[in-house]
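An overview of the molecular structure
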Amino acid sequence: MQVINANNNMMGFEFKRVVITGGSMGIGLHLAKRFIEEGAFVMVCARNPSALEKAKRGNPSLEIVQCDITNNLCPGKPLKC
């Protein structure tokens, strides 16, 4: 997977960091797998802890965070840093 940036240069994802919300299943999980295949470090966050654990079992390099990003009081806000 490659992206063309504003200068029409091709960009790979090797050693890049990718955060995907809603990444424990469906399109989000598929994207996470593709980014991992391209060499990215991927973190997904989702509300369902069992779905996150299932995604992690199938993709050991995947970082997971159980969080509802719509809740401002969520202690696990992945983008706080």
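Scroll up a little and you will see the structure.
Description of the structure in this document.

Thoughts on the packing of aromatic side chains
Aromatic ring pairs are reported here in terms of the distance separating the ring centres and the angle at which the planes meet. Inspection of the entire model under this criterion finds 2 aromatic pairs. Taking 4.8 Å as the distance between ring centres and 75° as the angle between the ring planes, the aromatic pair formed by Phe 13 and Phe 35 counts as edge-to-face. Of the two residues, Phe 13 is situated in the loop between strand E2 (10-11) and strand E3 (17-21) and Phe 35 in helix H1 (residues 26-37); the sequence distance between them amounts to 22 residues. We classify Phe 35 as buried; its relative accessible area is 12%. Measuring from centroid to centroid gives 6.3 Å for Phe 15 and Phe 41, while their planes differ by 40°, and the two rings are tilted. Of the two residues, Phe 15 is situated in the loop between E2 and E3 and Phe 41 in strand E4 (residues 41-46); the sequence distance between them amounts to 26 residues. Residue Phe 15 is classed as exposed on the basis of its relative accessible area of 57%.

Notes on the state of the cysteines
Tallied over the entire structure, the rule returns 0 disulfides. Looking at Cys 45, it has no disulfide partner, and the nearest cysteine sulfur is the one in Cys 67, 5.9 Å off. Under the relative-accessibility criterion, Cys 45 is labelled buried at 1%. On the accessibility criterion, Cys 67 (3% relative accessible area) is buried.

A word on the pattern of salt bridges
Applying the stated criterion across every chain, the model contains 2 salt bridges. A salt bridge links Arg 34 to Glu 37; the shortest N-O distance between them is 2.8 Å. Here Arg 34 pairs with Glu 37, and both are found in helix H1, just 3 residues apart, close to one helical turn. The exposure class assigned to Arg 34 is partly exposed, which follows from its relative accessible area of 27%. The residue Arg 34 makes a salt bridge to Glu 38 at a minimum N-O spacing of 3.8 Å. Taking relative accessible area as the criterion, Glu 38 reaches 27% and is therefore assigned partly exposed. In this structure, a network of salt bridges that share partners links the residues Arg 34, Glu 37 and Glu 38.

What counts and how
Residues numbered from 1 in each chain as written. Predicted model: local features only at pLDDT ≥ 70, side-chain atom pairs only at ≥ 80, totals over all residues. Heavy atoms only, no water. Phe/Tyr/Trp six-rings, centres within 6.5 Å; stacked < 30°, edge-to-face > 60°. Helix = DSSP H or I, 4+ residues; strand = E, 2+ residues; numbered from the N terminus. Buried < 20%, exposed > 50% of the residue type's maximum accessible area, 1.4 Å probe, protein only. Disulfide = S-S within 2.5 Å. Salt bridge = Lys/Arg side-chain N within 4 Å of Asp/Glu carboxyl O.

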